[in-house]
Amino acid sequence: MLDTQAAKAPPSLLYMVKQVELVVRSHLDELVRPSGITALQYTALTVLQRHDGLSAAQLARDSFVTAQSIADLVRSLEGRGLVRRERNPRNRRELLILLTDAGRELLARHEESVRELEERMVRELTAHQTEQFRQALSKAWHALS
């Protein structure tokens, strides 16, 4: 009897969020692969587009990767000329990571296809439901941060 009830129970919200994350990442990887970057690298570039001049620690937090992973990610992006590092004038020991013109151009090339992916994700929602979804995700993130 318990097995039947468990089989009918809806999946947990955590499971569903992870499903969405994985499918979005897969599609995003496909979209940006022709530019020679990964979805994680793309995410880091979009973070810099919104908040240029971040420390590695800040970029790691905002890009959802570990501090260890961000070093390799930044080195790769810097090698491709998509970001640059410069000393923080207020703290000479700290390096800031900045988006280059080439990084901005890469983001611009993918802007439409990424927007279409997002639209596809919420295609069956009304504009109001989409805004509610955005707010709910934001509240969930803040609750766990």
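If you're wondering where the values come from, they're calculated on a predicted model, not measured in any experiment.

Draft legend 1. Quick peek at the overall build of the chain. Per the secondary structure count, the chain includes seven helices and two strands. Relative to the globule expectation of 15 Å for 145 residues, the C-alpha radius of gyration of the chain, 18 Å, shows a markedly less compact shape. If you line up the chain on its principal axes, its C-alpha atoms span 65 × 30 × 30 Å. Counting the 145 residues in the chain, one finds 28% classified as buried. Pairs at least 24 apart in sequence give 47% of the contacts found in the chain among residues at least 6 apart. As displayed, the chain offers around 10,500 Å² of accessible surface, 55% of which is attributable to carbon and sulfur atoms.

Draft legend 2. Spotlight on the pairing of strand β2 (residues 91-99). By the bridge criterion, six bridges tie strand β1 (residues 83-88) to β2 in an arrangement that is antiparallel. Residue pairing for β2: Arg84 is matched across the bridge by Leu98. Adjacent in sequence and paired antiparallel, β1 and β2 are bridged by two residues.

Draft legend 3. Highlighting unusual backbone geometry. Residues other than glycine seldom take positive phi values, yet Phe64 does so here, at roughly 65 degrees. With respect to the secondary-structure elements, Phe64 resides in the loop between α4 (56-63) and α5 (67-79).

Draft legend 4. Expanded view of the UniProt feature "coiled-coil region" (unreviewed entry) in the chain. Under the UniProt annotation, the feature "coiled-coil region" (unreviewed entry) is placed at residues 100-127. As annotated, residues 100-127 has a helix share of 79% and a strand share of 0%, and its two end C-alpha atoms lie 34 Å apart.

Draft legend 5. Main features of α5. Taking 1.5 Å as the rise per residue, α5 with 13 residues should run 18 Å; its terminal C-alpha atoms sit 19 Å apart, in good agreement. Contact partners of the buried residues in α5: α3 (39-50), α4, β1 and β2. Trailing α5 by a residue or two, Gly81 shows a phi angle of about 75 degrees, which is positive.

Calculation rules
- Residues numbered from 1 in each chain as written.
- Predicted model: local features only at pLDDT ≥ 70, side-chain atom pairs only at ≥ 80, totals over all residues.
- Heavy atoms only, no water.
- Helix = DSSP H or I, 4+ residues; strand = E, 2+ residues; numbered from the N terminus.
- Rg over C-alpha atoms; globule rule 2.2 N^0.38 Å.
- Buried < 20%, exposed > 50% of the residue type's maximum accessible area, 1.4 Å probe, protein only.
- Contact = heavy atoms within 4.5 Å.
- Areas by Shrake-Rupley, 256 points an atom, 1.4 Å probe, with all protein chains shown as cover.
- Pairing = 2+ DSSP bridges.
- UniProt positions renumbered as here; feature names shortened; annotations may be inferred.
- Expected span 1.5 Å × (residues − 1).

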